[in-house]
Amino acid sequence: MLPVAIVLLVGTVFVSVYLAAFHAPRPHELHVGTTEIGTRQEHLRQNLERAIPGGFSLETYADESAARDAVQDRTVYAAYVGDGKLLYGSANGAAVTATLTTAFSSVAHAEHHELSVEDVAPAAAGDTRGLSVFYAAFGLVLAGYLFGMTTYQLAPRLQYRWRMASLALFGVVGGVLIAAIAGSAGFGALPGPFLALALVIALMGAAVAATTMVLLRLFGSAGVSMASILMLILGNSSSGGIMPASYLPAWLRPLSDILPVGVGVRAMQGLSRFQDDGLTRALVILPVWVLGAALVLYLKDVFRREVPTALREPSEQRQPVSV
């Protein structure tokens, strides 16, 4: 009965989390900008609230140029510059584009204009729906989970330094392969700088693998299920690869800024279409996951094995004498 209970638990969590996240997605304080001020901005705010209650957070910009820059580096997802004109980025995905054009059409209509749109951050030619980054990340996260799970199963007595070497090898090769397949040399879905993409993807894969290893070492077979829930289910559902974190339920939204998948996906998107948005965060948070896991594994596999030997009483270390 135990295998039945475990797999049904994981399956139930998967279905529950994904349905909670995507069964009826709507934005929650999605950041948008405007150049309108005073009474016109107040009317804009009211019209947006009427279109989607609580759906938007409005930022003010001095002119159209500043608003354009904000859309291009994803400080905001769109900017309304008056007279029915909307700046947006199709690289944010079809769902975001549909939300924005629908909401701002009503705004333009209220101002007696027809909505005109300008795509200032277009989707890549190889990623017209904005979903390729999700599948690229999901594949590497799955590989990282499987690596972390099987490394102790196939080589339970492998020395720590060689296990860390294999983790580094997995990350580097995985990063290069995914960047080559999804990048400009492959499908053109992630047309960012190859080396930067490979580095972020490598760190993301290594973070997932190392965390899975830690959970396995700390909790045994139960750690495998914990890793699948944390990294595969919660990590991928909150990654922002399908829709931005602003569309997620409140309890799931913060995970996008913490878990390796969400951090890595945002940096991959930023490198490809949004002027390196999320890159600095990724280069800080992902190494913390990897190094933190490596430290825990060192304490578990090396330190605790050496300390008892060093602290044994001299009488315990004497060899028996034959009489």
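Further up the page is the structure itself.
The sections below set out a description of the structure shown in this document. (Residues numbered from 1 in each chain as written. Predicted model: local features only at pLDDT ≥ 70, side-chain atom pairs only at ≥ 80, totals over all residues. Heavy atoms only, no water.)

### Describing the pattern of salt bridges
Here is the rule: Any Lys or Arg side-chain nitrogen found within 4 Å of a carboxyl oxygen on Asp or Glu counts as a salt bridge. Strands here are runs of E lasting at least two residues and helices are runs of H or I lasting at least four, both read from the DSSP assignment and numbered beginning at the N terminus. Type-normalised accessible area, obtained with a 1.4 Å probe on protein chains alone, sets the label of each residue: buried when under 20%, exposed when over 50%, and partly exposed for intermediate values.
Inspection of every chain in the model, using the stated rule, returns nine salt bridges. Across the pair glutamate 64 and arginine 68 runs a salt bridge, and its minimum N-O distance is 2.9 Å. Separated by four residues within a single helix, glutamate 64 and arginine 68 lie in helix H3 (residues 64-72), roughly one turn from each other. When its relative accessible area of 28% is taken as the criterion, glutamate 64 is described as partly exposed. For arginine 68, a relative accessible area of 22% gives the class partly exposed. Note that aspartate 277 is salt-bridged to arginine 266, the shortest N-O span being 3.0 Å.

### Overview of the sheet that holds strand S3 (residues 78-80)
Quick note on the threshold: A strand pair is defined by DSSP finding two or more bridges across the two strands. Between the N-to-C directions of two axes lies an angle of 0 to 180 degrees, each axis being a line fitted to C-alpha atoms and, for a helix, fitted only over the stretch in contact.
The mixed open sheet is built from five strands, whose spatial order is S2-S1-S3-S4-S5. One side of each edge strand has no neighbouring strand; the edge strands of this open sheet are strand S2 (56-60) and strand S5 (116-119). Between one strand axis and the next, the sheet turns through 25° on average, direction left out of account. Pairing analysis gives three bridges linking S3 to strand S4 (residues 85-88), with the strands arranged antiparallel. Pairing of alanine 78 across the sheet is with tyrosine 88, part of S4.

### A word on the pairing of S2
Short version of the rule: If you view a crossover with the strands going away from you and the path from the first strand over the helix to the second runs clockwise, you call it right-handed.
Strand direction decides the pairing type here: strand S1 (residues 30-34) and S2, joined by five bridges, are parallel. Note that in S2 the partner of leucine 30 across the bridge is phenylalanine 56. Where the polypeptide runs from S1 across helix H2 (residues 38-51) and back to S2, its parallel neighbour, the crossover connection is right-handed.

### Examining the packing of aromatic side chains
Inclusion rule: Any Phe, Tyr or Trp ring, taking Trp's six-membered ring, that has another such ring centre within 6.5 Å forms a pair; planes under 30 degrees apart are called stacked, those over 60 apart edge-to-face, and the others tilted. Charge-over-ring contacts are defined here by two conditions on Lys NZ or Arg CZ: a distance within 6 Å of the ring centre and an angle within 35 degrees of the ring normal.
Enumeration over the complete set of coordinates arrives at eight aromatic pairs. Note on phenylalanine 14 and tyrosine 18: the rings are 4.6 Å apart at their centroids and 25° apart in plane angle, and the pair reads as stacked. Placement of the pair is phenylalanine 14 and tyrosine 18 together in helix H1 (residues 2-22), with a separation of four residues, close to one helical turn. The partly exposed category is assigned to phenylalanine 14, whose relative accessible area is 38%. The class of tyrosine 18 is buried, set by a relative accessible area of 15%. Cluster of aromatic residues (ring-pair linked, three or more members): Phe14, Tyr18 and Phe22. Here arginine 163 stacks its cationic end above the ring of tyrosine 152, 3.8 Å away from the centre of that ring.

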